[in-house]
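# Architecture and fold: a report
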Amino acid sequence: MATALAKSLRYQEEKMALLSMPMFRIQGVTRTTSSGLKTQGDDTDIDITTVLSKEGRFEETQHVFNMMYPPLNSSVVAAAASYHSLLQGCLNNAKSSLPEAKLVHAHMIQMHFQCQDISLANKLVTVYAKFGCLADARKVFDEMPDRDVVSWTAMISAYARDGYANKALKMFNEMKQTGVQPNHFTYSSVLPACATLASLEQGREIHEEINTSGFLSEVFVGNALVDMYAKCGSIEEAHHVFDKMPQRDVVSWNAMISGYALNGQIEKALELFQKIPNRNVVSWTSMITGYAQNGLAVEALKLFQQMQRAGVKPISNTFASVLSACADLAALDQGMEIHEDIIRSQFKFHVSVGNSLVDMYSKCGQIKNAHNVFGKMSERNVVSWTAMIGGYVQNGLCEEALTLFRQMQRLSIRANLRTFVAVLPACADLAAMEQGMEIHGDIIRNGFQCDVFVGNALVDMYAKCGSIESARNLFDKMSLRDVVSWTVIVAGYALHGHAHEALKLFEKMQQSGTNPNHVTLVAVLCACCHAGLVDEGRRYFDYMTKHYHITPAMEHYGCMVDLLGRAGCLTEAEDFINQMPIKPDVTVWGCLLGACSFHNNIEVGERVAERFFELDPKNSAPYVVLSNLYATAGRWGDIEKIRRLMKGKKIKKKPGCSWIEINKRVHSFLVGDKSHKETENS
C-alpha cells in the first residue's frame, strides 16, 4: 500500500515538473517561462508529445507519454494524438528502433486503440513496413475492421519496396475487387512491382487506368511510368511518356537517362545527361552507372572525376557504381583512392558501399583487403556474404568459401539465387559432391531450381564432381537453356572422355539456334583432344574463325597444340606455335613439352624447355620433364646438370596434392604429409 502511494506521489511530482518545462502546450492553454502565462481555456490534457516528437526528441516523448498515460488509465482518450506523434517519431527519427515501435503498439493494444482508429492502424502498418517487418505489417492490416486507400497503398508499397513484387500486384488487384479505388500514391507504388517482374502487359493496363483516372498529370506518377517501361525493355514507350509529361522534374530526367543506359543506348543517355537543366548527384550517378553497366568502365571513372571537379559530392550509389568500374578494370590504385574518399565520407558504414569494396578488392586479387572490409562492416546483408563467398572462389580459396557459406547458414541468413551461383563453383573445384548435393537440396527448397544461372552452375558442379549422368539429367530437364548451359554440358562430356557425345551435343546446340561463344569452342577442342580427333579439331578450329568470326585466344591455341602433340605431330605443333599471331605463353609451351615427354622426343623437348625457361625461369615443371626425358634415355650426366641448375636457382619441385571429402569436409594431403590430425590413427 505504501509502495503504491509512493509511486502515485512520484508520478504526480513528475507530471507537475512538466509544467515548468521551457515550452509545452495544454489543450486550451499555452505557457512559456520567458513571457508569462497566456490562458485560452481550462483543459489540462497535455499534448507536449507532439512538440517533442517534431523536434526529434523521441526518448523524451516516450518518457512524457508514459507519465501522462499509464497503461491502466483507459479513461484518457487524448492518448490517440500522442500515439500518432510517437509512431511518427519512429518514422522520422533515424535513431528510433523496432522495439520502441512495438512498445507503442503494445500500449495501444492495452488502450484498445489498435483497430478502432483507422489512421492509427495505417500508421502502424507504415512503421512495421519501414523496419522490414512485413509479417507484422500484414497482421495489423488483416485485423483492421475497415481499410481505406491509405491502408492498401501502405501494404502495396511495402511489398514492392522489399522485393515481393508478386504480392504487391496481387494486393493491388484485391484492393480493386473490394471497391477501393487507387489514388496517385497507389499507382506510383505498384508500378515498380511491374518493373521488377518485367510485367509489361500489367504495366500497360495500369497505365490505361491512370489515363482514365486523370492522375497522369502528377509528376511522380509519370516518373514511375517512365521507369516501369524502361525496366520492361520498352524504351520507346518510356520516351513517349516522358515527352507527354506536362511537368518534369530532375527525377524524370534521371529515370530517362537510366532507362536508355539500361537498354544499351548509352549515346542517347549521354545526350539527355548533357541537356538536363538542373543536374543533381543522382543525374551524375545514373550516367556513371550506365557506363559501368555497359562495359565502359574507363568512361565511368572519367565521369566520376569530372563530377568531383564540379564539386558534386558522391552518394552511396555513386561509390558503388564507380567501384564496380574499378573492379572490371582491376584498377586497384584507383579503387584504393576511392576507398579513402569513402572513409572520409558519411558512407563508410553503408552496406552497399561495403559490398562494392569487397567485390572490388576480390576482383583485383586483394582477398585479404576484401576480408578486412567484410569483417569491419557494421551491417551485412545477403549481398555482403555472397560477395565475400564469390571473392574466395575467384581467388582459388574454395574451402574458405564453403566455410563462410556454412557460417552464413548457421546465422540463419537466407541465401538468394546469386549466393547459390557463387558457392557451387567451390564444390565443383574441390569435387565436394556431398556438399554440392546438399546445396542442391537448399536450391529446391528455395524454389530456384528453374533459374537458368542456377541450373548451369549445378550441371557444371555435377560434371566436375564426376557424375556426368546427374549433370545430363539436370541439363535435359532445364526449361530454358542459354549458351552457358550447352557449354558446361559439352565441357562435362569432354572432361569425362566422352568426345563423341560432346560433339553430338555441340551439333544439337547449333541446330537449336544457339550460337557458340569462345568458351564453347574451347570445350569442343578439348573433346577432340581427349579422343585424338585431329582432323575434327582442325576443322572446328577453322570453323570458329570462318563461320562464327571468333578470334582464337590463347586457350584455343593451347588446345590445338595439345591435340597435335598427343597425336605425335610434334614438329607440326612446334611450327603451329611459331606461326601464332599472338605471343605464346607458358601454357601453350607446356602442352607441347608434356607431349614431348609422352613421346620421349628429347630433340623437340630441349628446344621447348629453353622457351619455357625464358618465360618462367622459376617454374619447376620444365626442369622435371627434361630430367625425366634424360632418365628415359639414360643420360645421367644431363640429369645431374639439371639438378645442379635447380639447386643454384633455388627451384624446388612442387609436391603433389590429393584431397578427399568426408562428412562435408574436404581434407587435402601433400606427398609424405603427416600434418593431418588423424594421421596417427589411420
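So, here's what we can say about the structure. (Residues numbered from 1 in each chain as written. Predicted model: local features only at pLDDT ≥ 70, side-chain atom pairs only at ≥ 80, totals over all residues. Heavy atoms only, no water.)

## Quick notes on the overall build of the protein chain
Looking only at helices and strands, the protein chain features 37 helices and five strands. The buried share among the 682 residues of the protein chain stands at 45%. Of the contacts formed within the protein chain by residues at least 6 apart in sequence, a portion of 57% connects residues at least 24 apart. (Helix = DSSP H or I, 4+ residues; strand = E, 2+ residues; numbered from the N terminus. Buried < 20%, exposed > 50% of the residue type's maximum accessible area, 1.4 Å probe, protein only. Contact = heavy atoms within 4.5 Å.)

## What about the layout of surface pockets?
Of the voids in this model, the largest pocket is the one considered here, and its volume is about 1,600 Å³. In terms of lining, the largest pocket is formed by 48 residues, of which the most central are Gln293, Ser324, Ser356, Val383 and Arg418. When the residues that make up the lining of the largest pocket are grouped by side-chain class, the tally is 20 nonpolar, 22 polar and six charged. (1 Å grid on protein atoms, 1.4 Å probe; cavity = no way out; pocket = protein on both sides within 12 Å on 5 of 7 lines; lining within 4 Å. Points joined across faces, edges and corners; volume = space filled by probe spheres on them. Nonpolar A, V, L, I, M, F, W, Y, C, P; charged D, E, K, R; others polar.)

## Digging into the packing of helix H34 (residues 586-599) against helix H35 (residues 602-615)
In the contact formed by H34 and H35, the axes pass within 9 Å of each other and the chain directions differ by 155°. Considered as vectors, H34 and H35 are oriented roughly antiparallel to each other. The two elements H34 and H35 cross, and the hand of that crossing is left-handed. Contacts between H34 and H35 involve Val586, Trp589, Gly590, Leu592, Leu593 and Cys596 on the former and, on the latter, Val604, Gly605, Val608, Ala609, Arg611, Phe612 and Leu615. (Axes fitted to C-alpha atoms, helices over the stretch in contact; angles between N-to-C directions. Parallel < 35°, antiparallel > 145°, perpendicular 65-115°, else oblique. Left-handed = near helix turned anticlockwise from the far one by under 90°.)

## Structural notes on unusual backbone geometry
Even without being glycine, His549 reaches a positive phi, approximately 55°. With respect to the helices and strands, the residue His549 is situated in the loop between helix H31 (534-546) and helix H32 (554-566).

## As for the pattern of salt bridges
Across all of its chains, the model carries 20 salt bridges by this definition. Asp562 is paired through a salt bridge with Arg566; the nearest N and O atoms lie 3.2 Å apart. Of the two residues, Asp562 and Arg566 both sit in helix H32, four residues apart, roughly one turn of that helix. For Asp562, a relative accessible area of 19% translates into the label buried. Across the pair Arg635 and Glu606 runs a salt bridge whose closest N-O atoms are separated by 3.4 Å. (Salt bridge = Lys/Arg side-chain N within 4 Å of Asp/Glu carboxyl O.)

## Some thoughts on the nonpolar core
Membership of the largest hydrophobic core comes to 199 residues, with the highest contact counts inside it found for Ile206, Ile338, Ile439, Ile489 and Leu592. Setting aside residues up to four positions removed in sequence, Ile489 forms contacts with Val459, Ile468, Ala471, Arg472, Phe475 and Leu505. (Core = buried A, V, L, I, M, F, W, Y, C linked by side-chain atoms within 4.5 Å.)

## Looking at helix H14 (residues 250-262)
Given a rise of 1.5 Å per residue, 13 residues ought to cover 18 Å, and the 18 Å separating the end C-alpha atoms of H14 matches this to within 8%. Among the residues of H14, Ser252, Trp253, Asn254, Ala255, Met256, Ile257, Gly259, Tyr260 and Ala261 are the ones counted as buried. For H14, the elements touching its buried residues are helix H12 (219-231), helix H13 (235-244), helix H15 (266-275) and helix H16 (281-293). Of the residues flanking the start of H14, the one acting as N-cap is Asp249, its side-chain oxygen 3.0 Å from the backbone nitrogen of Val251. Of the residues flanking the end of H14, it is Gly264, one or two places downstream, whose phi is positive at about 80°. (Expected span 1.5 Å × (residues − 1). Polar contact = N/O pair within 3.5 Å; in protein donor to acceptor, adjacent residues only side chain to side chain.)

## Focus on the packing of aromatic side chains
Applying the stated rule across the entire model yields 18 aromatic pairs. By way of ring pairs, the aromatic residues Phe172, Tyr187 and Phe215 are connected into one cluster. Just above the ring of Trp284 sits the side chain of Arg279; from NZ or CZ to the centre is 5.3 Å. Across from the ring centre of Tyr540, 4.7 Å away, lies the NZ or CZ of Arg539, which sits over that ring. (Phe/Tyr/Trp six-rings, centres within 6.5 Å; stacked < 30°, edge-to-face > 60°. Lys NZ or Arg CZ within 6 Å of the ring centre and 35° of its normal.)

## Section: the environment of Ile338
Residue position: Ile338 is located in helix H19 (residues 332-344). Its relative accessible area of 4% is what places Ile338 among the buried residues. Separated by 16 residues in sequence, Ile338 and Val322 place their C-alpha atoms 8.4 Å apart.

## Topic: helix H33 (residues 570-578)
Turning to H33, its buried residues number three or more, namely Leu570, Ala573, Glu574, Phe576 and Ile577. Mapping the buried residues of H33 onto a view down its axis gives an arc of 155°, with all of them on the same face. (Arc of directions from axis to C-beta.)

## Some remarks on the packing of helix H30 (residues 518-531) against H31
Helix-helix packing is characterised by the crossing angle of the two axes and by the distance between the axes. The interhelical angle for the contact between H30 and H31, taken along N-to-C directions, is 165°, at an axis separation of 9 Å. Between H30 and H31, the crossing angle belongs to the class labelled roughly antiparallel. With respect to the hand of their crossing, H30 and H31 are arranged in left-handed fashion. In contact with Leu521, Val524, Leu525 and Cys528 of H30, H31 contributes Glu536, Gly537, Tyr540, Phe541 and Met544. Here the contact of H30 with H31 is built from residues that sort into seven nonpolar, one polar and one charged.

## Quick notes on the side chain of Asn183
The topology assignment puts Asn183 in the loop between helix H9 (165-177) and helix H10 (184-197). Since its relative accessible area comes to 17%, Asn183 is described here as buried. A distance of 2.8 Å separates a polar atom in the side chain of Asn183 from a polar atom in the side chain of Thr186. Dropping the residues within four chain positions of it, Asn183 is found in contact with Val149, Thr153 and Phe215.

## Some details on the side chain of Asp460
Tracing the backbone through its elements, the reader meets Asp460 in helix H26 (residues 452-464). Among the residues examined, Asp460 registers a relative accessible area of 18% and is labelled buried. With near-sequence residues (within four places) excluded, Asp460 lies in contact with Ala428 and Val488.

## Details of the environment of Ala432
Structurally, the position occupied by Ala432 is in the loop between helix H24 (417-430) and helix H25 (433-445). Of the residues examined, Ala432 reaches a relative accessible area of 0% and is grouped as buried. Taking C-alpha positions, Ala432 is 9.8 Å from Glu399, a pair spaced 33 residues apart along the chain.

In short, shape yes, function no, at least from these values alone.
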